[in-house]
Amino acid sequence: MTFQPVLLANVGIRDVQKLDVYKDRGGYRALTKAVQEMTPEQVIEVVKDSGLRGRGGAGFPCGVKWTFLPKNHPGPIYFCVNADESEPGTFNNRILMEEDPHQVLEGIIISCYATRAWKAYIYIRYEFGRAFRTMQKAIDEAYANGLLGHNIFGHGFNLDVYLHRGAGAYICGEETGLIESLEGKRAWPRIKPPFPAVEGAFRKPTVVNNIETVACVTHIIDRGAAWFKSMGVPPDPKNPRDLGSYGPKLYCISGHVNKPGCVELPLGVTVRELVDHHGGGVWKGRKAKACIPGGLSMGFLTEKEFDTPLDFNGPVKAGCLGLGTAAVIVFDESTSIVDVLYNTCRFFAHESCGQCTPCREGTGWMLKIMDRFRRGKGRLEDLDILMEVANSIGIIPGTTICGLADGAAWPMKNAITKFRSEFEEYIKRGQKLEAPALVGAH
Ligand SMILES: Cc1cc2nc3c(=O)[nH]c(=O)nc-3n(C[C@H](O)[C@H](O)[C@H](O)COP(=O)(O)O)c2cc1C
Ligand code: SF4
């Protein structure tokens, strides 16, 4: 049976960005049900039962996160919607906002009802001009029709939604960096605890969720937890910590494929199916060499690992950091992994906020060594030095405030482990390539 899209079901429907067209297609049915027939606690229970895990990268269970808010808090409680979408290769949040803004807004309103949030901030990547304008129109229409503002549906539920344009850095997408930026400061991630649920925006309890996560909430309330759980992958019985990977997922496919784009499928589709079937195969009749399975910070899969299922477990089993944003970037057989890694290092060294010495210095040193390789001055022992640096930076070794450093380390660890012979040959050749000037080193 072919999969019927859920999150992308309205894409291509004429004028669905307008409230009346969205409503004609069943829009705001879930919100009406939530506010008129359910208590906030019941909404949280359904979301918990659905097994929905965050789509922003870490895969934290959404309903469980909501229960971390303090009980009977006098308010205000804030809801931050993460639409910064800065992970390289990822563009599904933009599509959701541009194509179906009311679906996103409905999910936000339901989520705020459940968490008793008074204000929601949509932190939107600065460059997303069209998404910004489309979302603002949807918000204005929702206010004009009593779906936002004071006493929504006459149930004493009040909510204001603001669009906040991002400050233009990768780190603004990290949840506490986002909160700092929202408060008008530099997006320097905060040391946790306290976690945002206890002390977040403006030092008040705050939930941060990704746009795709809240879009799923709309459908879970509309069709129920069991329906959501009918898609995806149940927990691995051999892994007691696995919570399962349920529901639909937006997969981005880019790089050396014939048909780059965003497709919706149940969690657990393999990389091979995505590339060969949905991405139209590798371009120019070539073979694939590798891919990034879930945004740049997740690391690499070799072509032999393309049967890895893209659920919350699969990429980890293959040595990657996680599923991440499920954005797959494909490299064909002619691509130099050394060049890919050099660009990766440029990105992370440039984006490190500089607060933690291991991240600031580590990303800078990794870039310097990669630059040396490209200038033909690499040494074989550099590979071990790079591995040592990569193993020493990040939340996982416990040396940094946020996960950017883990995201910088994983591509390095994966590339050297999985493509070591290519690095060794490259170094031995002492190949002279013209490298761009060093950037990003602090
Ligand atoms: C460096 C860095 C960048 C991040 N960028 C984003 C982003 O652009 N969008 C996003 O939703 N989450 C991003 N995250 C993850 C957020 O910190 C957070 O986990 C997420 O917004 C929570 O939402 P979810 O539970 O719905 O996934 C980033 C994390 C790190 C460490
Ligand atoms: S890990 Fe890197 S990006 Fe994150 S807070 Fe530390 S220095 Fe900043």
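Treat the numbers as computed from the prediction; the structure is a model and nothing was measured.

**Q** Describe in detail the nonpolar core, supporting the description with residues and values.
**A** Grouped together as the largest cluster of nonpolar side chains are 67 residues, with contacts concentrated most on Val 43, Trp 66, Phe 79, Ile 122, Leu 159 and Ile 221. Element by element, the count of residues in this core is highest for helix H6 (residues 101-115), at 8 residues. When neighbours within four sequence positions are excluded, Phe 79 is seen to be in contact with Trp 66, Ser 111, Cys 112, Thr 115, Ala 117, Lys 119, Ala 120, Tyr 121, Val 207, Asn 209 and Val 214. Among the nonpolar cores identified, the runner-up in size contains 52 residues, and Ile 292, Ala 409, Phe 423 and Tyr 426 belong to it.

**Q** Describe the site of ligand 1, and please don't skip the residues or the numbers.
**A** Ligand 1 sits among 18 residues. The nearest are Gly 56, Asn 82, Asn 209, Asn 210 and Thr 213. Between ligand 1 and Asn 210 there is a distance of 2.8 Å, counted from an oxygen atom to a side-chain nitrogen or oxygen. Considering ligand 1 on its own, with 610 Å² of exposed area, one finds that the protein chains cover 89% of that surface. In terms of residue count, the dominant contributor to the shell around ligand 1 is strand E5 (residues 206-210) (3 residues). In terms of residue class, the shell around ligand 1 is built from 3 nonpolar, 9 polar and 6 charged.

**Q** With reference to specific residues and values, describe the pairing of strand E2 (residues 119-124).
**A** Burial analysis of E2 places 5 of its 6 residues in the buried class, the great majority of the element. Relative to E2, strand E1 (residues 78-83) runs parallel, the two sharing 6 bridges. Directly across from Ala 83, in E2, lies its bridge partner Ile 124. As defined by bridge partners, E2 adjoins strand E4 (residues 157-165) across 6 bridges and the pair is classed as parallel. Pairing of Tyr 123 across the sheet is with His 164, part of E4.

**Q** Describe the sheet that holds strand E8 (residues 248-255), naming the residues involved and giving the relevant values.
**A** Pairing is mixed in the open sheet, where 5 strands are placed in the order E9-E8-E12-E10-E11. With partners counted over all chains shown, the strands left at the sheet margins are strand E9 (261-266) and strand E11 (301-302), one partner each. Summarising the sheet, strand E10 (residues 288-292) and E11 pair through 2 bridges and their orientation is antiparallel. Pairing of Ala 290 across the sheet is with Thr 302, part of E11.

**Q** With reference to specific residues and values, describe the site of ligand 2.
**A** Around ligand 2, the neighbouring residues are Ile 171, Pro 189, Ser 352, Cys 353, Gly 354, Gln 355, Cys 356, Cys 359, Thr 400, Ile 401, Cys 402 and Leu 404. Of the residues assigned to the shell around ligand 2, the class counts are 8 nonpolar, 4 polar and no charged.

**Q** Please give an account of the pattern of salt bridges that cites residues and values.
**A** Counted by the stated rule, this structure contains 29 salt bridges. Between Arg 272 and Glu 303 there is a salt bridge, with the nearest N and O atoms lying 2.8 Å from each other. With Arg 272 in helix H11 (residues 271-278) and Glu 303 in the loop between E11 and helix H12 (314-317), the pair connects residues that are 31 residues apart, well separated along the chain. Across the pair Asp 339 and Arg 374 runs a salt bridge whose closest N-O atoms are separated by 2.9 Å. Placement of Asp 339 in helix H13 (residues 337-351) and of Arg 374 in helix H14 (residues 357-374) is noted, with a sequence separation of 35 residues between them. Salt bridges here are not isolated pairs; linked through shared partners, they connect Glu 180, Glu 183, Lys 185 and Arg 190.

**Q** For helix H16 (residues 404-418), give the residues involved together with the corresponding values.
**A** In this model H16 runs 22 Å from its N-terminal to its C-terminal C-alpha over 15 residues, within 8% of the 21 Å that 1.5 Å per residue would give. Within H16, 13 of the 15 residues are buried, which leaves the element mostly enclosed by the surrounding structure.

**Q** I'd love a proper account of the side chain of Asn 92, names of residues and values included.
**A** Position of Asn 92 relative to the elements: it lies in helix H5 (residues 92-99). Separated by 3.3 Å, the side chains of Asn 92 and Asn 93 make a polar contact. Apart from the residues within four sequence positions on either side, Asn 92 is in contact with Glu 85, Glu 212, Lys 249, Leu 250, Cys 252, Cys 262 and Thr 325.

**Q** Quick one: what's the story with the pairing of E10, residue by residue and with numbers?
**A** Counting buried positions along E10 gives 5 out of 5 residues, so the element sits mostly inside the fold. Bridge count between E10 and strand E12 (residues 327-332): 4 bridges; the pairing is antiparallel. The residue of E12 that forms the bridge with Ala 288 is Asp 332.

**Q** Report on H14, specifying residues and quantitative values.
**A** Its 18 residues place the ends of H14 26 Å apart at the C-alpha level, agreeing with the 26 Å of an ideal helix rising 1.5 Å per residue. The inward-facing, buried residues of H14 abut H13, helix H15 (381-392), H16 and helix H17 (420-429). Positive phi appears at Gly 376, one or two residues downstream of H14, with a value of about 80°.

Rules of the game
- Residues numbered from 1 in each chain as written.
- Chains lettered and ligands numbered in written order.
- Predicted model: local features only at pLDDT ≥ 70, side-chain atom pairs only at ≥ 80, totals over all residues.
- Heavy atoms only, no water.
- Core = buried A, V, L, I, M, F, W, Y, C linked by side-chain atoms within 4.5 Å.
- Buried < 20%, exposed > 50% of the residue type's maximum accessible area, 1.4 Å probe, protein only.
- Helix = DSSP H or I, 4+ residues; strand = E, 2+ residues; numbered from the N terminus.
- Contact = heavy atoms within 4.5 Å.
- Near = heavy atom within 4 Å.
- Polar contact = N/O pair within 3.5 Å; in protein donor to acceptor, adjacent residues only side chain to side chain.
- Areas by Shrake-Rupley, 256 points an atom, 1.4 Å probe, with all protein chains shown as cover.
- Nonpolar A, V, L, I, M, F, W, Y, C, P; charged D, E, K, R; others polar.
- Pairing = 2+ DSSP bridges.
- Salt bridge = Lys/Arg side-chain N within 4 Å of Asp/Glu carboxyl O.
- Expected span 1.5 Å × (residues − 1).

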